[in-house]
Amino acid sequence: MSRPLRQKLILVDGYNVIGIWPRLQESFRIHGLETARRDLIEAMVNYSASQDLNTRIVFDSQYQYTPTVKEVITDRLSVYYTEFGQTADTYIEKACANLRQEMRLSKSRLIVATSDRVQQLTVAGYGAEWISSQQLAHEIESVASSVRRRCQQSKRRSGRFLANYLDLESQKRLAELRMGK
């Protein structure tokens, strides 16, 4: 039986995901690109934390005269804006090439989220796994829905009394103390 992998790193082609995910498409259409980016980042913060993933979201800046910018959002998520003339695809390909040996030695997983078929084949050549943007969006929504359900169940069970937050043995002991036993 193989050992569990210690770390997972996912590289997300940000604009590709925004262009595929209906919720983000709507956000872009109604509120603009900045809001769609923020919504993707927020969704990935929650997903990364719940799935124990290190995440890099990569956005193209190829038509703006800017250097590469890295924003650290949480200890699990960073956002990269590429430099002028560089696409998210080339950034991701270089990252896969540079991380290839490190990920293999640490027995970690490198995953790329994109629906660009050429990109999928290229990163697979570097030993990375890939997931389509549609699959990623579905997984994020599924995990978020599961977390919401657990929170709602927890709220319903707990009620408003402090005793409801105690384990059953402590609740039993507290009841005995109230009855004078």
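Residues numbered from 1 in each chain as written. Predicted model: local features only at pLDDT ≥ 70, side-chain atom pairs only at ≥ 80, totals over all residues. Heavy atoms only, no water.

### A closer look at the nonpolar core
Right, so step 1: Grouped together as the largest cluster of nonpolar side chains are 25 residues, with contacts concentrated most on Leu40, Met44, Ile57 and Leu136.
Right, so step 2: Mapped by element, the contributors of at least two residues to this core are β1 (8–13), α1 (14–20), α3 (33–51), β2 (54–59), β4 (77–81), β5 (109–113) and α6 (133–158).
Right, so step 3: In terms of residue count, the dominant contributor to this core is α3 (six residues).
Right, so step 4: Excluding residues that lie within four positions of it along the chain, leucine 40 makes contacts with Gly14, Val17, Ile18, Trp21, Leu24, Ile57 and Phe59.
Right, so step 5: Among the nonpolar cores identified, the runner-up in size contains 15 residues, and Ala88, Cys96, Met103 and Val112 belong to it. (Core = buried A, V, L, I, M, F, W, Y, C linked by side-chain atoms within 4.5 Å. Buried < 20%, exposed > 50% of the residue type's maximum accessible area, 1.4 Å probe, protein only. Helix = DSSP H or I, 4+ residues; strand = E, 2+ residues; numbered from the N terminus. Contact = heavy atoms within 4.5 Å.)

### What to know about α3
Right, so step 1: For α3, spanning 19 residues, the distance from its first C-alpha to its last is 26 Å, which sits close to the expected 27 Å at 1.5 Å a residue.
Right, so step 2: Of the positions making up α3, those classed as buried are Thr35, Ala36, Arg37, Leu40, Ile41, Ala43, Met44, Tyr47 and Ser48.
Right, so step 3: Just past α3, the residue aspartate 52 takes up positive phi, approximately 55°. (Expected span 1.5 Å × (residues − 1).)

### Some remarks on the environment of glutamate 129
Right, so step 1: You can see glutamate 129 is positioned in strand β6 (residues 129–131).
Right, so step 2: Exposure remark for glutamate 129: the relative accessible area of 33% places this residue in the partly exposed category.
Right, so step 3: In this structure, the C-alpha to C-alpha distance between glutamate 129 and leucine 110, residues 19 residues apart in sequence, is 6.1 Å.
Right, so step 4: The residues touching glutamate 129, leaving out its near neighbours within four places in the chain, are Arg109, Leu110, Ile111 and Val112.
Right, so step 5: In terms of polar contacts, glutamate 129 uses its side chain to reach the side chain of arginine 109, at 2.8 Å. (Polar contact = N/O pair within 3.5 Å; in protein donor to acceptor, adjacent residues only side chain to side chain.)

### Brief notes about the layout of surface pockets
Right, so step 1: In this structure, the largest pocket spans a volume of roughly 260 Å³.
Right, so step 2: Lining the largest pocket are 14 residues, and of these Arg23, Ala43, Asn46, Ile140 and Ala144 lie nearest its centre.
Right, so step 3: Where the lining of the largest pocket is concerned, the elements lending two or more residues are α3 and α6.
Right, so step 4: Class assignment of the residues belonging to the lining of the largest pocket gives a composition of seven nonpolar, two polar and five charged. (1 Å grid on protein atoms, 1.4 Å probe; cavity = no way out; pocket = protein on both sides within 12 Å on 5 of 7 lines; lining within 4 Å. Points joined across faces, edges and corners; volume = space filled by probe spheres on them. Nonpolar A, V, L, I, M, F, W, Y, C, P; charged D, E, K, R; others polar.)

### Quick notes on the pattern of salt bridges
Right, so step 1: Within this structure, the stated rule accounts for four salt bridges.
Right, so step 2: The closest approach of N and O atoms between glutamate 176 and arginine 173, which form a salt bridge, is 3.9 Å. With glutamate 176 and arginine 173 both in helix α7 (residues 168–178), this residue pair falls three residues apart, about one helical turn.
Right, so step 3: Accessibility expressed as a relative area gives 43% for arginine 173, which makes it partly exposed. (Salt bridge = Lys/Arg side-chain N within 4 Å of Asp/Glu carboxyl O.)

### Describing the confidence of the model for the chain
Right, so step 1: Chain-level pLDDT for the chain is 85 on average; 87% of the residues reach the 70-or-more range.
Right, so step 2: Confidence over residues 1–5 falls short of pLDDT 50; this stretch has three contacts with residues more than four positions distant or in other chains. (pLDDT = per-residue confidence, 0-100.)

### Quick notes on the packing of helix α2 (residues 22–31) against α3
Right, so step 1: Here α2 crosses α3 at 150°, and the two axes come no closer than 7 Å. When the axis of α2 is compared with that of α3, the two are roughly antiparallel. Crossing of α2 over α3 shows right-handed handedness. Of the residues in α3, those in contact with Arg23, Leu24, Ser27, Phe28 and His31 of α2 are Leu33, Thr35, Ala36, Asp39, Leu40 and Ala43.
Right, so step 2: Residue composition of the contact of α2 with α3, by class: six nonpolar, three polar and two charged. (Axes fitted to C-alpha atoms, helices over the stretch in contact; angles between N-to-C directions. Parallel < 35°, antiparallel > 145°, perpendicular 65-115°, else oblique. Left-handed = near helix turned anticlockwise from the far one by under 90°.)

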